[in-house]
Amino acid sequence: MFSARLSSDTENCSLTTVLQHGPHILIIDHANRKVKNFTQEGIWLSDYCFDKPPRRACITPDGEIVVTLQGAYMIAFLIKIGFELFFSHYIVTAKDYALVEAFDDKILICAKCGYPGCIDTIDYRGQILKTFSQYSIDGLSVLFPSYLSVLPSGTLLMSELRSDGYQALICCDTSGNIRYFYQGEGQNVVKCPSGVATDQNGLRYKLSGTTRSIYLSIYLSIYLSIYLSIYLSNSWHFRRINVTQEPCLRCTIKKTV
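Residues numbered from 1 in each chain as written. Predicted model: local features only at pLDDT ≥ 70, side-chain atom pairs only at ≥ 80, totals over all residues. Heavy atoms only, no water.

J.: Please explain the side chain of threonine 93 as it appears in this structure.
T.: Examined against the element boundaries, threonine 93 turns out to sit in the loop between β8 (84-92) and β9 (99-102). The exposure class of threonine 93 is buried, given its relative accessible area of 6%. Here lysine 95 takes part through its backbone oxygen, which lies 2.8 Å from a polar atom of the side chain of threonine 93. Beyond its immediate chain neighbours, meaning those up to four positions away, threonine 93 contacts Tyr73, Met74 and Ile75. (Helix = DSSP H or I, 4+ residues; strand = E, 2+ residues; numbered from the N terminus. Buried < 20%, exposed > 50% of the residue type's maximum accessible area, 1.4 Å probe, protein only. Polar contact = N/O pair within 3.5 Å; in protein donor to acceptor, adjacent residues only side chain to side chain. Contact = heavy atoms within 4.5 Å.)

Written out as C-alpha coordinates, the structure reads:
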(Lines give C-alpha, C1' and ligand atoms only; values in the text may rest on other atoms or scores of the structure.)
Protein backbone atom coordinates (compact mmCIF):
# COMPACT_ATOMS: atom_id res chain seq x y z
CA MET A 1 0.00 0.00 0.00
CA PHE A 2 1.33 3.45 -0.91
CA SER A 3 0.16 7.01 -1.42
CA ALA A 4 -0.37 8.19 -4.99
CA ARG A 5 -0.04 11.86 -4.05
CA LEU A 6 2.87 13.78 -5.60
CA SER A 7 4.50 16.98 -4.39
CA SER A 8 3.39 18.66 -7.64
CA ASP A 9 -0.30 17.84 -7.05
CA THR A 10 -2.50 20.86 -6.36
CA GLU A 11 -5.67 18.92 -5.47
CA ASN A 12 -6.54 15.95 -3.31
CA CYS A 13 -6.12 12.80 -5.38
CA SER A 14 -9.22 11.37 -7.03
CA LEU A 15 -8.16 7.97 -8.36
CA THR A 16 -10.42 6.42 -11.00
CA THR A 17 -8.29 3.65 -12.52
CA VAL A 18 -5.36 1.49 -11.44
CA LEU A 19 -3.63 -0.61 -14.12
CA GLN A 20 -0.62 -2.89 -14.21
CA HIS A 21 1.62 -2.18 -17.20
CA GLY A 22 4.50 -4.63 -17.20
CA PRO A 23 6.36 -4.19 -13.90
CA HIS A 24 4.79 -0.79 -13.26
CA ILE A 25 1.52 0.52 -11.79
CA LEU A 26 -0.39 3.22 -13.71
CA ILE A 27 -2.85 5.39 -11.79
CA ILE A 28 -5.39 7.80 -13.26
CA ASP A 29 -5.78 10.88 -11.03
CA HIS A 30 -8.88 12.73 -12.23
CA ALA A 31 -8.53 15.72 -9.88
CA ASN A 32 -4.90 16.47 -10.80
CA ARG A 33 -5.40 15.57 -14.49
CA LYS A 34 -2.54 13.09 -14.49
CA VAL A 35 -1.57 9.57 -15.43
CA LYS A 36 0.98 8.53 -12.79
CA ASN A 37 3.53 5.75 -13.15
CA PHE A 38 4.86 3.96 -10.06
CA THR A 39 6.86 0.88 -9.23
CA GLN A 40 4.95 -1.85 -7.42
CA GLU A 41 6.64 -0.64 -4.23
CA GLY A 42 5.12 2.82 -4.70
CA ILE A 43 8.17 4.69 -6.00
CA TRP A 44 7.15 7.45 -8.42
CA LEU A 45 8.71 7.09 -11.88
CA SER A 46 6.94 9.56 -14.17
CA ASP A 47 3.60 11.17 -14.96
CA TYR A 48 1.76 12.79 -17.85
CA CYS A 49 -0.56 15.78 -17.34
CA PHE A 50 -3.60 16.49 -19.54
CA ASP A 51 -5.49 19.73 -20.19
CA LYS A 52 -8.77 17.91 -19.50
CA PRO A 53 -9.45 15.58 -16.54
CA PRO A 54 -8.78 11.93 -17.42
CA ARG A 55 -11.65 9.62 -16.50
CA ARG A 56 -10.74 5.98 -17.12
CA ALA A 57 -8.05 4.08 -18.98
CA CYS A 58 -7.15 0.70 -20.42
CA ILE A 59 -4.15 -0.94 -22.08
CA THR A 60 -4.32 -2.25 -25.65
CA PRO A 61 -2.79 -5.60 -26.70
CA ASP A 62 0.09 -3.54 -28.17
CA GLY A 63 0.75 -1.85 -24.83
CA GLU A 64 -0.68 1.59 -25.64
CA ILE A 65 -2.46 3.39 -22.81
CA VAL A 66 -5.93 4.58 -23.83
CA VAL A 67 -7.46 7.39 -21.74
CA THR A 68 -10.92 8.99 -21.88
CA LEU A 69 -10.95 12.75 -21.21
CA GLN A 70 -13.92 14.46 -19.57
CA GLY A 71 -15.67 16.97 -21.80
CA ALA A 72 -13.12 16.68 -24.61
CA TYR A 73 -14.96 14.33 -27.00
CA MET A 74 -11.59 12.74 -27.58
CA ILE A 75 -9.67 9.66 -26.47
CA ALA A 76 -5.93 10.00 -25.86
CA PHE A 77 -3.28 7.38 -26.58
CA LEU A 78 -0.05 7.31 -24.57
CA ILE A 79 2.99 5.06 -24.89
CA LYS A 80 5.41 3.99 -22.18
CA ILE A 81 9.09 3.77 -23.10
CA GLY A 82 11.15 2.50 -20.20
CA PHE A 83 9.51 4.25 -17.27
CA GLU A 84 8.61 7.48 -19.14
CA LEU A 85 5.12 8.27 -20.49
CA PHE A 86 4.77 9.98 -23.88
CA PHE A 87 1.79 11.31 -25.81
CA SER A 88 1.08 9.40 -29.04
CA HIS A 89 -2.15 10.75 -30.55
CA TYR A 90 -5.82 11.62 -30.05
CA ILE A 91 -8.90 10.26 -31.75
CA VAL A 92 -12.01 12.43 -31.99
CA THR A 93 -15.25 10.77 -30.82
CA ALA A 94 -18.90 11.61 -31.42
CA LYS A 95 -19.73 11.18 -27.72
CA ASP A 96 -18.20 12.15 -24.39
CA TYR A 97 -17.18 8.69 -23.20
CA ALA A 98 -16.41 7.88 -19.58
CA LEU A 99 -15.37 4.20 -19.67
CA VAL A 100 -13.12 2.46 -22.17
CA GLU A 101 -11.82 -1.08 -22.60
CA ALA A 102 -9.80 -2.66 -25.42
CA PHE A 103 -11.72 -5.50 -27.08
CA ASP A 104 -8.73 -6.37 -29.28
CA ASP A 105 -6.09 -4.54 -31.35
CA LYS A 106 -8.76 -3.04 -33.64
CA ILE A 107 -11.82 -2.38 -31.47
CA LEU A 108 -12.56 -0.41 -28.29
CA ILE A 109 -15.66 -0.73 -26.11
CA CYS A 110 -16.74 2.66 -24.71
CA ALA A 111 -19.49 3.69 -22.32
CA LYS A 112 -21.28 7.01 -22.13
CA CYS A 113 -22.95 7.70 -18.79
CA GLY A 114 -26.06 9.75 -18.06
CA TYR A 115 -29.34 9.95 -19.93
CA PRO A 116 -29.35 8.51 -22.46
CA GLY A 117 -26.39 6.28 -21.67
CA CYS A 118 -24.97 3.85 -24.20
CA ILE A 119 -22.33 1.21 -24.85
CA ASP A 120 -20.51 1.72 -28.15
CA THR A 121 -18.16 -0.48 -30.14
CA ILE A 122 -15.72 1.83 -31.96
CA ASP A 123 -12.61 1.35 -34.06
CA TYR A 124 -9.25 2.94 -33.31
CA ARG A 125 -10.17 5.94 -35.48
CA GLY A 126 -13.23 6.73 -33.34
CA GLN A 127 -15.88 5.48 -35.78
CA ILE A 128 -18.91 3.86 -34.12
CA LEU A 129 -19.42 0.30 -35.39
CA LYS A 130 -22.21 -0.81 -33.04
CA THR A 131 -24.20 0.75 -30.21
CA PHE A 132 -26.91 -0.12 -27.69
CA SER A 133 -28.68 1.91 -25.01
CA GLN A 134 -31.03 -0.80 -23.70
CA TYR A 135 -30.33 -4.29 -22.44
CA SER A 136 -32.34 -7.30 -23.59
CA ILE A 137 -34.46 -7.17 -20.40
CA ASP A 138 -37.53 -5.00 -21.00
CA GLY A 139 -37.25 -1.55 -19.48
CA LEU A 140 -33.59 -1.83 -18.45
CA SER A 141 -31.62 1.01 -20.04
CA VAL A 142 -27.96 1.91 -19.87
CA LEU A 143 -27.78 4.80 -17.41
CA PHE A 144 -24.62 4.86 -15.30
CA PRO A 145 -22.26 1.93 -15.86
CA SER A 146 -19.57 2.38 -13.21
CA TYR A 147 -17.25 -0.38 -14.43
CA LEU A 148 -16.57 -2.01 -17.80
CA SER A 149 -14.33 -4.91 -18.80
CA VAL A 150 -14.05 -7.45 -21.60
CA LEU A 151 -13.93 -11.09 -20.52
CA PRO A 152 -11.77 -13.65 -22.38
CA SER A 153 -14.98 -15.03 -23.93
CA GLY A 154 -15.59 -11.66 -25.62
CA THR A 155 -18.57 -10.77 -23.42
CA LEU A 156 -18.79 -7.55 -21.43
CA LEU A 157 -18.85 -7.35 -17.64
CA MET A 158 -20.34 -4.17 -16.16
CA SER A 159 -21.45 -2.84 -12.82
CA GLU A 160 -24.45 -0.55 -13.13
CA LEU A 161 -24.81 2.25 -10.58
CA ARG A 162 -27.96 4.31 -11.01
CA SER A 163 -29.51 7.30 -9.28
CA ASP A 164 -32.86 5.48 -9.03
CA GLY A 165 -31.31 2.83 -6.77
CA TYR A 166 -31.04 0.17 -9.47
CA GLN A 167 -27.66 -1.45 -8.86
CA ALA A 168 -26.45 -4.66 -10.45
CA LEU A 169 -23.66 -6.69 -11.99
CA ILE A 170 -24.39 -7.40 -15.66
CA CYS A 171 -22.70 -9.68 -18.18
CA CYS A 172 -23.82 -9.17 -21.78
CA ASP A 173 -22.61 -9.25 -25.37
CA THR A 174 -21.82 -6.18 -27.48
CA SER A 175 -25.48 -5.96 -28.56
CA GLY A 176 -26.83 -5.80 -24.99
CA ASN A 177 -28.08 -9.39 -24.78
CA ILE A 178 -27.74 -10.29 -21.11
CA ARG A 179 -25.93 -13.53 -20.21
CA TYR A 180 -26.45 -13.11 -16.48
CA PHE A 181 -27.67 -10.42 -14.12
CA TYR A 182 -27.08 -10.15 -10.38
CA GLN A 183 -28.40 -7.76 -7.73
CA GLY A 184 -27.85 -9.87 -4.64
CA GLU A 185 -30.09 -10.84 -1.78
CA GLY A 186 -30.22 -10.07 1.92
CA GLN A 187 -26.85 -9.05 3.34
CA ASN A 188 -25.19 -9.65 -0.03
CA VAL A 189 -27.28 -7.12 -1.97
CA VAL A 190 -25.05 -5.15 -4.34
CA LYS A 191 -24.73 -1.53 -3.23
CA CYS A 192 -22.85 1.06 -5.28
CA PRO A 193 -20.76 -1.41 -7.32
CA SER A 194 -17.76 0.75 -8.16
CA GLY A 195 -15.40 -1.89 -9.51
CA VAL A 196 -15.06 -5.50 -10.61
CA ALA A 197 -12.02 -7.74 -11.04
CA THR A 198 -11.59 -11.30 -12.31
CA ASP A 199 -8.62 -13.49 -11.41
CA GLN A 200 -7.07 -16.35 -13.36
CA ASN A 201 -9.37 -18.89 -11.66
CA GLY A 202 -12.53 -17.12 -12.80
CA LEU A 203 -13.28 -15.75 -9.33
CA ARG A 204 -14.88 -12.33 -9.49
CA TYR A 205 -14.58 -9.53 -6.95
CA LYS A 206 -17.05 -6.64 -6.74
CA LEU A 207 -16.18 -3.55 -4.73
CA SER A 208 -19.01 -1.74 -2.95
CA GLY A 209 -18.24 1.83 -1.94
CA THR A 210 -21.30 2.14 0.31
CA THR A 211 -20.89 -1.02 2.38
CA ARG A 212 -17.08 -0.98 2.17
CA SER A 213 -17.17 -4.62 1.15
CA ILE A 214 -15.71 -6.83 -1.53
CA TYR A 215 -18.12 -9.45 -2.85
CA LEU A 216 -16.44 -12.63 -4.04
CA SER A 217 -18.33 -14.48 -6.77
CA ILE A 218 -17.55 -18.10 -7.65
CA TYR A 219 -19.26 -18.43 -11.01
CA LEU A 220 -20.48 -22.00 -11.55
CA SER A 221 -22.91 -21.65 -14.45
CA ILE A 222 -25.22 -19.11 -16.04
CA TYR A 223 -27.80 -19.92 -13.36
CA LEU A 224 -25.74 -20.36 -10.20
CA SER A 225 -23.19 -18.28 -8.35
CA ILE A 226 -21.90 -18.37 -4.77
CA TYR A 227 -21.24 -15.02 -3.10
CA LEU A 228 -19.19 -14.20 -0.02
CA SER A 229 -18.91 -10.74 1.52
CA ILE A 230 -15.59 -9.49 2.87
CA TYR A 231 -15.81 -6.37 5.03
CA LEU A 232 -13.23 -3.61 4.73
CA SER A 233 -12.69 -2.08 8.16
CA ASN A 234 -11.10 1.12 6.86
CA SER A 235 -12.79 3.08 4.09
CA TRP A 236 -9.52 4.71 3.01
CA HIS A 237 -7.38 1.60 2.72
CA PHE A 238 -7.94 -1.71 1.00
CA ARG A 239 -6.60 -5.06 2.10
CA ARG A 240 -5.15 -7.49 -0.38
CA ILE A 241 -7.19 -10.70 -0.46
CA ASN A 242 -5.52 -13.89 -1.63
CA VAL A 243 -7.94 -16.57 -2.82
CA THR A 244 -6.99 -20.17 -3.51
CA GLN A 245 -9.48 -22.56 -5.06
CA GLU A 246 -9.81 -26.00 -3.49
CA PRO A 247 -11.74 -29.19 -4.39
CA CYS A 248 -15.53 -29.40 -4.00
CA LEU A 249 -15.89 -25.74 -5.03
CA ARG A 250 -14.71 -24.51 -1.64
CA CYS A 251 -12.37 -21.57 -1.35
CA THR A 252 -9.95 -20.36 1.28
CA ILE A 253 -9.73 -16.62 1.84
CA LYS A 254 -6.61 -15.19 3.42
CA LYS A 255 -6.25 -11.53 4.34
CA THR A 256 -2.89 -9.84 4.27
CA VAL A 257 -2.21 -6.18 4.81
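J.: Can you walk me through the sheet that holds strand β14 (residues 156-161) in this structure?
T.: Across a sheet, strands are paired by hydrogen bonds formed along the backbone, either parallel or antiparallel in direction. Taking strand neighbours across the sheet as the criterion, the four strands line up as β13-β14-β15-β16 in an open arrangement whose pairing is antiparallel. Strand pairing shows two members of the sheet lacking a second neighbour, β13 (145-150) and β16 (178-182), which therefore form its edges. In this sheet, adjacent strand axes meet at a mean angle of 15 degrees when their direction is disregarded. Here β14 runs beside strand β15 (residues 167-172); their pairing, made up of six bridges, is antiparallel. Looking across to β15, one finds that leucine 161 is bridged to glutamine 167. (Pairing = 2+ DSSP bridges. Axes fitted to C-alpha atoms, helices over the stretch in contact; angles between N-to-C directions.)

J.: Help me understand the nonpolar core, please; the structure alone is not making it clear to me.
T.: One recurring pattern in soluble globular proteins is that nonpolar side chains are buried together. Ranked by internal contacts, the top residues of the largest apolar core, which has 17 residues, are Ile119, Tyr135, Leu148, Leu156, Ile170 and Cys172. At the level of elements, β10 (107-112), β13, β14 and β15 are the ones that each hand at least two residues to this core. Sort the elements by how many residues they give to this core and β15 lands first, with three residues. Setting aside residues no more than four positions away along its own chain, leucine 148 makes contact with Leu99, Val100, Glu101, Ile109, Cys110, Ala111, Leu156, Leu157 and Met158. The next biggest cluster of nonpolar side chains, apart from the first, holds 13 residues, and it includes Ile28, Ile65, Val67 and Ala76. (Core = buried A, V, L, I, M, F, W, Y, C linked by side-chain atoms within 4.5 Å.)

J.: Would you mind showing me how to read the pairing of β15 here?
T.: Taken across its six residues, β15 has six buried, putting it largely inside the fold. Alternating positions in β15 separate into two faces, Gln167, Leu169 and Cys171 on one and Ala168, Ile170 and Cys172 on the other, with burial throughout. Pairing of β15 with β16 involves four bridges; the strand directions are antiparallel. Its bridge partner lying in β16, leucine 169 is registered against tyrosine 182. The loop that links β15 with its antiparallel partner β16 comprises five residues; one of these, glycine 176, has a positive phi angle of about 95 degrees.

J.: Got a minute to help me understand unusual backbone geometry in this structure?
T.: Note on backbone geometry: most residues besides glycine have negative phi, and most peptide bonds are trans. Phi at arginine 33 takes a positive value of approximately 60 degrees, unusual for a residue other than glycine. Of note, arginine 33 is situated in the loop between β2 (24-29) and β3 (34-39). Its relative accessible area of 36% is what places arginine 33 among the partly exposed residues. Unlike most non-glycine residues, tyrosine 73 shows phi in positive territory, near 55 degrees. Residue placement: tyrosine 73 occurs in the loop between β6 (65-69) and β7 (74-81). According to the relative accessible area criterion, tyrosine 73 is partly exposed, its value standing at 42%.

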